[in-house]
Structure formats: structure tokens, C-alpha cells
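Letter by letter, the chains look like this.
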Amino acid sequence: MSIDSHSPLVDVRSISFAWHGADVLIDVSLEVHVGDFLAIIGPNGSGKSTLIKIMLGLLRPTKGEVRLLGESPTRFQKWTQIGYVAQKVTHIDPFFPVSVQEVLAMGLLAGRRIPAFLTRADSMAIDETLERVGVSHLTKRMIGELSGGEQQRVFIARAIVNNPAIIILDEPTTGIDSGAREQFYNMLNTLTDHNMAVVLVTHDIGVVTRHVKKLACLNQRLYFHGTHEEFCQCDRLLYPFAVGNHLIDHTH
Amino acid sequence: MLDFLSYGFMQRALVAGIFVSVTCAVLGVFLVLKKDAMIGHGLSHVTFGGVALGLLLDVDPFYSALVVSVVSAVGILKLKERAGLHGDTGIGIVSSVGMAFGVLVASVAGNFNVDLFGYLFGSILAITSREVWVAVLLTGVVLSFVAFFYSRLLYVTFDPESAQVAGIKTKRINELLAVLTAMVVVVGMKIVGLLLVAALVVIPAAAALQVARTFWQAILISSVVAVCSLFFGLYLGFAWDWPVSGNIVMITSLFFLILFFVRQFRR
């Protein structure tokens, strides 16, 4: 399916959301374009996951609107163009009897007409996708037997198996040790080389800022949305993360 | 050992029992993994109310139970959604109301205690040919549903939020699963009775999940456990005159214990 590279893949327009009378998001607007690597950062309770859920149609905003590839999420049909890795996905039942291959098959077959069965071409696509994220040796293993980092890669593989235009990840480095995080972000970077937009939500400011092309700082409101260089020069960072924070940027 | 199958009533019991057991076993795998295992228990209580209503109105209790059970299944889902009730709370409410209604009706009517006994504890040996065909038809519907919607069912069971983002109509899938469970509970009440039908849904699946390494293995092992339990339950009922419904559930539990120890041994 061809995607218009000039139109935003995700267009969030003046979104507000309240939960039991308490504001969670206030007047948030942002766009995600083809090839973007955007991190949405903010402290706990800043509305990051809520924003993602509104983008994906899992929640409805109290004000404003969202467009996915130009359509409202409630009428959106091309879900194979959207890949999603949920926040608590690694808290799966360790005894759930599915193999890594079956997990990817779920993603591949979800958009097909029923009855949907795996073909040889599908198996090859699954193998190629697992190779892309570096876990091709785990195809037949049960998902519950894998480490947190391996599971996360499998779920990313499931999200990209249909070659979507955009993949959205909610706190993807939960359960991944700091040594593996660099590799993880490098792997996400390679996805953008194929014009796939990557949006990830994280409170892990330090590591992610070195890898992404754009940042959005959220704490109910959007305090910043721009490139990493602009982010480093912007004093508005202090507001969403409370007084007393300093930004130190150095490389070895 | 197979002499007991020479009797027509045993043959009907076995055929109907196999179909119902397989249906319970297959649905049970999904329900146990979705952490909805208690819905079978809840619906069996509601079905009791439906049976009592049918006896009161002099209507075939099978049909009154079916209507009440299906409506309650959807009701449980709506309660969860709209009343913000978590986990088993909706099941607890609906099943208690259904059971209380049945007790009230039985008490007020006063003259169908014997009929109720059969529904509570099962009467597999009194299964009619019509009931055999109902069991066959129901199994066809359930297995067709599972076959057609397998990938979606698996996705919704494994990761409902991601399944929804993938475009799967998770609400509809959950409703269909609940309705089929309701139908299975009603048909299963003849086999093991309302008090024990939930065990047929839960225990074979739980047993299979001790050792299965793929989802298809889980479905297959659950079905084998259920059918073997039925067979030996019928046999013991014939040989030792023990109540068939109790036999079936105890044998199923024995299978669970065996597979539990197999899993421990594997570690």
C-alpha cells in the first residue's frame, strides 16, 4: 500500500482527556511523519500512555481529534499499517502455550479474511522478520521461556511483520537491562531506515535522547516537540520535570 | 470391559458425552487462559434459574435454560463493561441472582423437586436421541467457530489490547465466546448436571495446560482428557453403579493430578 510521504501518518489535533474529572491531557497537538523516530517522554502520570491509546482509538478524547493515515481511529480499517507494542506486554502468562512463530502468526493473520491460515510464504515472512530483530533462533521456543529482552523483540517483530507504516511502542525498555538498551534502540533505528516511523513512549530520558530524531516532552501539556539538538538547548525541559533538574549531555 | 456399550442408552450417553466433552474441553482452553474460567460456574447457576422457570411455565426446561443462560452470558459482559466491575464480580452477581431465582421458583412451585434433581446432578443415562443430535449440532457450531476464528481467538486470548489495535473486533469475539459457553453449559447439564458442568469446562483445560507446548496441543490434550474421563466415568457407573457425573469429574481431576506431576517431574 502506498503512503503519501507529505501527509502525517498520525495527526493529533488539540487533544484533551480527563479521567473522573481530573485532567490527564490538555490541548496536545503533534504529528508523526514517514521515517520519524519520535520519543514521547515525561514523568510518571504525565499522560504518555493515554496519548498513545487515544492515537490508536483505544480511548476517546474529551476534546480534539486524531487522524490515522487521514482517518478517524473509529473508522480506520488499515490496521496492518499500524504496529503496536503495549506497555505491559512482557507481563504475559509464562505458561501460555504459544511459540514465537505463533505470536508472529497472530499479527500476520489478524488483518486477513477468515478463515485465515498460515502459508509457506507467511512462514518465510515470519522467519525474515525474526531475523530482522535478531531472534530468528527462537522461532520454535515458547514465548514464556524467553527473557524480557527477547520477548520484547518478539513483540516488536509481531508489530512489524506486516511492514507497517508506523510502529508505536509504549515503555518498550521495561524489563530490559541497561546494557541491552543500546542494542535495542539501534535495532529500532534500523526500522526507520526502511521509512517506517517509530514512536516510543518512555520515561528513560537519558539513553533515548541519543538515538531518536525528535522528542516530545509531555506532562499533561506538550512542553516541547522538536529535534534532539533543539531539545538540548531548550530550557522548557525544566518545567515538566520539576525544578532542580539539570541537563548534562556528554559522549565518550 | 466394553460390554456396557452394547446397551442403547449407553451408546447414546457415550456419543452425546463425547461431543459435549470435546466442546467443553476446547472452549475451556480459551476460557482458562483468558482467566474467565469462572464463567462456566456462574452460567451453571443461572441455568438453574432458567430450568426452574421452564418447569414453572410448563415449557421444555432446555429451551428456557438456553434463553436465560445466553442472555445472562451477554449480561455478564455488559456488567463488566458498563458497571466497571472487575474480574469475577459480574459473574458473582448474575449467578447469585439466577440461583436465587431458581430457589424461589422451586420453593413457590413446590412440586418438581425430582425433576430439578436430575438437572442438578445430570442424567446422562437418560439421554434421548434428540439430545444426542443437539450435542452433535452444538459441537459442530463450536468447532466451526474455533476453526474459522482461530487466529483471532488466539490473539484476543493472548493479548486483547494488541488484538484490538490490530483491527480485531474483540468485543464481538468475547460475546460469541460467552454465548457458546452458555450453550455448552445448558447442553452439558444433562451429562454431569449443573453442579458439575463447570468442572468439564475448566479441569480438562487446566490439565492440558500443565504439559502442552503449543496451543493446538493444549486443545488436543484437553479433548483427550475430557473424552477419556467420560468413557471411564460411564464404565465405572455401569460396573460399580457409581453416579456417572461424579465419576467423570473425579477422573478428570485425577488426570489433572497426573499431568501436574508430569510437569513437576519435567522440571
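What counts, and where the lines are drawn
- Residues numbered from 1 in each chain as written.
- Chains lettered and ligands numbered in written order.
- Predicted model: local features only at pLDDT ≥ 70, side-chain atom pairs only at ≥ 80, totals over all residues.
- Helix = DSSP H or I, 4+ residues; strand = E, 2+ residues; numbered from the N terminus.
- Buried ≥ 20, exposed ≤ 12 C-beta atoms within 10 Å, placed from the backbone.
- Contact = placed C-beta atoms within 7 Å.
- Pairing = 2+ DSSP bridges.
- Axes fitted to C-alpha atoms, helices over the stretch in contact; angles between N-to-C directions.
- Parallel < 35°, antiparallel > 145°, perpendicular 65-115°, else oblique.
- Left-handed = near helix turned anticlockwise from the far one by under 90°.

A. Looking closely at the overall build of chain A. Along the backbone of chain A there are seven helices and nine strands. For chain A, with 252 residues in total, the buried portion stands at 42%. Look at the contacts in chain A between residues 6 or more apart in sequence, and 67% of them connect residues 24 or more apart.

B. Quick peek at the sheet that holds strand E1 (residues 10-19) of chain A. All names here are of chain A. Pairing is antiparallel across the open sheet formed by three strands, whose spatial order is E2-E1-E4. For this open sheet the edge positions go to strand E2 (22-32) and strand E4 (63-68), each flanked by a neighbour on one side alone. Strand-to-strand twist across the sheet, computed as the mean angle between neighbouring axes with direction ignored, equals 20 degrees. As paired elements, E1 and E4 share five bridges and run antiparallel to each other. Paired with Asp 11 across the strands is Arg 67, a residue of E4. Against the sheet, helix H1 (residues 48-55) engages E1, E2 and E4, with an angle of about 120 degrees to E1.

C. Representation of the packing of helix H2 (residues 38-57) of chain B against helix H9 (residues 170-192) of chain B in the model. Residue and element names in this part refer to chain B. As a packed pair, H2 and H9 sit with axes 9 Å apart at the nearest point and diverge in direction by 60 degrees. Our classification of the angle between H2 and H9 gives oblique. Crossing geometry of H2 relative to H9 is assigned as right-handed. Contacts between H2 and H9 involve Ile 39, Gly 40, Leu 43, Ser 44 and Thr 47 on the former and, on the latter, Ala 178, Thr 181, Ala 182, Val 185, Val 186 and Met 189.

Geometric descriptors of this kind do not, in isolation, establish any biological role.
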